[in-house]
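# Observations on the three-dimensional arrangement
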Amino acid sequence: MKLSKDMCAFAARIGYTFIEPALLVRALTHASVSSPNRQDNQRLEFLGDRVLGLVMATALLDTDKTATEGQLAPRFNALVRKETCADVAREIGLGDVLKLGRSETMSGGRRKQALLGDAMEAVIAAVYKDGGFEAAQQLILRLWGSRIGRVEADARDAKTTLQEFAQARGEQPPAYVLVERKGPDHQPEFTISVQLQDGTEGRATAGSKRQAEQAAAKYLLARLEQEK
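Residues numbered from 1 in each chain as written. Predicted model: local features only at pLDDT ≥ 70, side-chain atom pairs only at ≥ 80, totals over all residues. Heavy atoms only, no water.

Another aspect to go through is the sheet that holds strand 1 (residues 175–182). The strand order across the open sheet built from three strands is 1-2-3, with neighbouring strands paired in antiparallel fashion. If you trace the sheet from one side to the other, it starts and ends with strand 1 and strand 3 (201–206), each paired once. Direction aside, the axes of adjacent strands within the sheet are offset by 20 degrees on average. With six bridges joining them, strand 2 (residues 189–195) and strand 3 adopt antiparallel strand pairing. By the bridge assignment, V194 is partnered in strand 3 with G202. With respect to the sheet, helix 11 (residues 209–226) is in contact with strand 1, strand 2 and strand 3, its orientation differing from that of strand 3 by roughly 145 degrees. (Pairing = 2+ DSSP bridges. Helix = DSSP H or I, 4+ residues; strand = E, 2+ residues; numbered from the N terminus. Axes fitted to C-alpha atoms, helices over the stretch in contact; angles between N-to-C directions. Contact = heavy atoms within 4.5 Å.)

Per the UniProt annotation, the sites labelled "domain: RNase III" (unreviewed entry) are residues 7–132. Measuring from the first to the last C-alpha atom of residues 7–132 gives 21 Å, for a span that is 66% helix and 0% strand. (UniProt positions renumbered as here; feature names shortened; annotations may be inferred.)

Helix length check: helix 8 (residues 133–144) (12 residues) gives 16 Å between terminal C-alpha atoms against 16 Å at 1.5 Å per residue, within 8%. Three or more residues of helix 8 are buried, namely A135, A136, L139, I140, L143 and W144. Angular distribution of buried residues about the axis of helix 8 spans 145 degrees; they occupy a single face of the element. A positive phi of about 45 degrees marks G145, the residue just after helix 8. (Expected span 1.5 Å × (residues − 1). Buried < 20%, exposed > 50% of the residue type's maximum accessible area, 1.4 Å probe, protein only. Arc of directions from axis to C-beta.)

In structure tokens form, the structure reads like this:
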């Protein structure tokens, strides 16, 4: 199979040349456009998730040889979560080459976090099947790059930290309220308010409720730090 010009450009962006180009095509094929003669990327996604996990666990152990399991677990989660995979996918323009059905295309599928994250994992699996573990490892470490070095900050769970802060003061857990939801279904925006028992509040807007809650908690923590 010969890759299209767009696919060749994508392979160049990730820095890998496929021996079996069909693996890349399959990795970028969403279920909405699959057929009996065209496999989707779901099985590759399943495999890629495991390959990514092994590479990141190894990288974390090599980076910090004294870290405990309790320290490593949140760092690992920050590196392999769907949001991170989707961020990497955006950086390499993966959405531009995704093969989607008409309905997914019309609903903004090329920008959807879940689709991008899944396809990123599928691409990892395609490289693994095509070139082996070392090739997949090199790809992951190259694409994740500085994220591995700064993972300690990324792994900080603002919601958990804020809850621990409230508990230390003998207060009820922070209350999260959806203030507003706007935008089309394929690109929503959620504004979340978080409030402590004493009325101190923080607000943030993001593309998912989970992200907005984390951002609101982080904002409130920063505000509390300034007021010390």
